[in-house]
Each structure stands twice: as structure tokens, then as C-alpha cells.
Amino acid sequence: MIAIIDYGAGNLSSVKKALDFLGAENEITQDPERILSASHVILPGVGSFGDAMASMRERGLVDVVKQAAEKKPFLGICLGLQLLFEKSDESPEAEGLGILKGEIKAIPRLDGLKVPHMGWNSVKLAQHDGIFADIDDESYFYFVHSYYLDGADDKAVAGTTQYGVEIQCAVQSGNLCAVQFHPEKSSSAGLKLLKNFIEKGEQ
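Residues numbered from 1 in each chain as written. Predicted model: local features only at pLDDT ≥ 70, side-chain atom pairs only at ≥ 80, totals over all residues. Heavy atoms only, no water.

Student: Any chance you could explain the overall build of the protein here in plain terms?
Tutor: For the protein, the helix and strand inventory stands at 6 helices and 11 strands. Taking 203 residues into account, the globule formula puts the C-alpha radius of gyration at 17 Å, and the protein, at 15 Å, falls close to it. Counting every position in the protein, which comprises 203 residues, the buried fraction comes to 53%. Partitioning the intrachain contacts of the protein with sequence separation of at least 6 by distance along the chain shows that 69% fall at a separation of at least 24. (Helix = DSSP H or I, 4+ residues; strand = E, 2+ residues; numbered from the N terminus. Rg over C-alpha atoms; globule rule 2.2 N^0.38 Å. Buried < 20%, exposed > 50% of the residue type's maximum accessible area, 1.4 Å probe, protein only. Contact = heavy atoms within 4.5 Å.)

Printed below as a string of C-alpha cells:
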């Protein structure tokens, strides 16, 4: 069973619908026991970094998420990627989960560049296995965000895209992976990524 962590952020139902479409048993839950007994865990979300961390702490989920990220196939999506890091320009006073090293920065407001970044961008792959197995380099995925990852460990960076600056939009290290884009809204490439994730740990 795949646990979709409910910590008060949006975008949970679209992830569930994609998993249902793929025939994967899943549930949206904030129950620590259900999360820690799941075979796979997804941390999705849209919203504010600071509000999300405050909500996660109020629900007693910080240590639960850290344990799940250490032991199980784990996928962060959009805000769920950003929360894995130590801090964000969006909420400088808020402490993130600190599971990974890197910085969450504001997308620069350059001439002609709309922020938030909303739309389809191609992703240049640095890794071709795991969640990106059998996905073509430069495949397009759907993004909605105003902040981006920079400075992650090169060995963990699985994909990058360009939107005014280079954005490290996917990380993958062992059982832990995360993407800035929304695979559940990214057509066949996104569904393939989710299918690859479902199959992690089943080989």
C-alpha cells in the first residue's frame, strides 16, 4: 500500500487519482502507523514552505516523514521536494526537514519571465534509472512553482530544467526521490515515472 501523507497541503487528490488509474493500492493518511507500515510513501503538496512545516509539526509528522524517507521507497512532489531540504527563501524563519542538502531559492523575476512558473518544460536527465527508467531525455513535465532547488549534491541530481536559471528539478538517491514538477499532471511521461516508483522495491 502507498501512503500519501496528508499534512494539510493541497494536491493530494490528483496524486491519488493517478495512482488509482495505475491500479496501485493507496490511501491519503496522516496516521503515523499507516504511514510507517506502508510499502511506499509519497509527500505531495502545494502551498507555503513555512505553513507546511508548521502543519507537519502540529500533526506530529516530522519524525514520521524522516523515518519513512530513510527506510522506504519515498517520493516528494513539488512542495514535497522543497520540504526535504533545510530551508527556503519563501519562509526564512522556518526549518525544513533537512533530509537533503541544498537551497530552495526564489525564481528570479527577469524580464519577460512569469512567476510563478506554470507550464510544460523539458527535463534534461542526469540519471536514467529508478523513477526515470525508460523515460526519454528531454521529456516534458508540468510545473507550477515560484521557488526552486539549487546546490544539491551532484550525485543526487537526477534531472534539471531551465527557467531563467538552471533548476535542479529532480533528485534521486537510493530509496529517496523527489521532483519539482507534477508527474500526476504530466501525461504519459508522468504516469511512467509514477509506475517506476510503484515498482521500486518490488524487484
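Next, the rest of the story.
Student: Honestly, the sheet that holds strand S9 (residues 157-163) in this entry has me stumped. Any pointers?
Tutor: The strands making up a sheet associate through hydrogen bonds between their backbones, and the pairing can be parallel or antiparallel. Pairing in this open sheet of 9 strands is mixed, and the strands run S2-S1-S3-S4-S11-S10-S9-S6-S7 from one edge to the other. The sheet is open, and its two borders are formed by strand S2 (26-29) and strand S7 (139-145), each paired with just one other strand. Within the sheet, the average angular offset between the axes of one strand and its neighbour, ignoring direction, is 25°. (Pairing = 2+ DSSP bridges. Axes fitted to C-alpha atoms, helices over the stretch in contact; angles between N-to-C directions.)

Student: Explain a negative patch on the surface here, please?
Tutor: A grouping of Asp 134, Asp 136, Asp 137 and Glu 138 is seen on the molecular surface, where their side chains present a negatively charged patch. Taking the relative accessible area as the measure of exposure, Glu 138 reaches 37% and is therefore partly exposed. (Patch = residues over 30% accessible without salt bridge, like charges linked within 9 Å, V, L, I, M, F, W, Y side chains within 5 Å. Areas by Shrake-Rupley, 256 points an atom, 1.4 Å probe, with all protein chains shown as cover. Salt bridge = Lys/Arg side-chain N within 4 Å of Asp/Glu carboxyl O. Lys, Arg positive; Asp, Glu negative; His and termini not counted. Charge placed at Lys NZ, Arg CZ, Asp CG, Glu CD.)

Student: Could you clarify how one ought to interpret the nonpolar core in this entry?
Tutor: Soluble, globular proteins show a tendency: their nonpolar side chains are buried together. In this structure, Phe 132, Phe 141, Val 179 and Phe 181 are the most contacted members of the largest nonpolar core, which totals 35 residues. When sequence neighbours within four positions are dropped, the list of residues in contact with Phe 141 reads Gly 119, Trp 120, Asn 121, Val 123, Phe 132, Ile 135, Phe 181, Ser 186, Ala 189, Gly 190 and Leu 193. Of all hydrophobic cores here, the second largest spans 34 residues; its members include Ala 9, Leu 61, Phe 74 and Leu 81. (Core = buried A, V, L, I, M, F, W, Y, C linked by side-chain atoms within 4.5 Å.)

Student: Even after reading the chapter, I still don't get the environment of Leu 100, so can you show me in this structure?
Tutor: Position of Leu 100 relative to the elements: it lies in the loop between helix H5 (79-82) and strand S5 (103-106). A residue is classified by how much of its surface remains accessible, and Leu 100, at 17% relative accessible area, is buried. Separated by 76 residues in the primary sequence, Leu 100 and Leu 176 have C-alpha atoms spaced 9.8 Å apart. In this view, Leu 100 contacts Leu 84, Phe 85, Glu 86, Val 171 and Leu 176; residues no more than four positions away in its chain are not counted.

Student: Looking at this structure, I do not really get the layout of surface pockets. What am I missing?
Tutor: To find leftover empty space, one rolls a probe the size of a water molecule over the atoms. Taken as a whole, the largest pocket spans an internal volume of roughly 170 Å³. Forming the boundary of the largest pocket are 13 residues, of which Gly 47, Cys 78, Val 144, His 145 and Ser 146 lie nearest the centre. Of all the secondary structure elements, the ones that give two or more residues to the lining of the largest pocket are H5 and S7. Tallied by class, residues from the lining of the largest pocket come to 6 nonpolar, 6 polar and 1 charged. (1 Å grid on protein atoms, 1.4 Å probe; cavity = no way out; pocket = protein on both sides within 12 Å on 5 of 7 lines; lining within 4 Å. Points joined across faces, edges and corners; volume = space filled by probe spheres on them. Nonpolar A, V, L, I, M, F, W, Y, C, P; charged D, E, K, R; others polar.)

Student: Looking at this structure, how should I read the pairing of S7?
Tutor: Sheet faces and side chains relate simply in a regular strand, where the side chains alternate between the two faces. Every second residue of S7 is oriented toward a common face, the buried set being Ser 139, Phe 141, Phe 143 and His 145 and the non-buried set Tyr 140, Tyr 142 and Val 144. Judged from the 7 bridges that link them, strand S6 (residues 117-125) and S7 form a sheet pairing that is antiparallel. Considered in S7, the bridge of Ser 122 is made with Tyr 140.

Student: Would you mind showing me how to read helix H1 (residues 12-21) here?
Tutor: Buried within H1 are the following residues: Leu 12, Ser 14, Val 15, Ala 18 and Leu 19. In the core, the buried residues of H1 are packed alongside strand S1 (2-5), S2, strand S3 (40-43), strand S4 (74-77) and helix H6 (187-199). At the exit of H1 stands Gly 23, carrying a positive phi of roughly 80°.

Student: I tried to follow the side chain of Lys 200 on my own but got confused; where do I start?
Tutor: Locating Lys 200 in the fold gives a position in the segment after H6. Buried charge without a salt bridge: Lys 200, with Asp 129 as the nearest opposite-charge side chain at an N-O distance of 7.6 Å. Leave out the neighbours within four places in its chain, and Lys 200 touches His 40, Pro 73, Ile 131, Gln 172, Gly 174, Asn 175 and Cys 177.

Student: Help me understand the pairing of S3, please; the structure alone is not making it clear to me.
Tutor: Side chains His 40 and Ile 42 of S3 all project onto a buried face; the interleaved residues Val 41 and Leu 43 project onto the opposite face, where all are buried too. Relative to S4, S3 runs parallel, the two being bridged by 3 bridges. Note on S4: the bridge partner recorded for Leu 43 is Gly 76.

Student: Help me understand the side chain of Thr 161 in this model?
Tutor: Considering the arrangement of structural elements, one finds Thr 161 in strand S9. Within the structure, the side chain of Thr 161 is placed 2.7 Å from the backbone oxygen of Ser 122, a separation counted as a polar contact. The contact partners of Thr 161, leaving out residues within four places of it in the chain, are Asn 121, Ser 122, Phe 143, Glu 166, Ile 167 and Cys 169. (Polar contact = N/O pair within 3.5 Å; in protein donor to acceptor, adjacent residues only side chain to side chain.)

The values are spatial; any link to function lies outside them.
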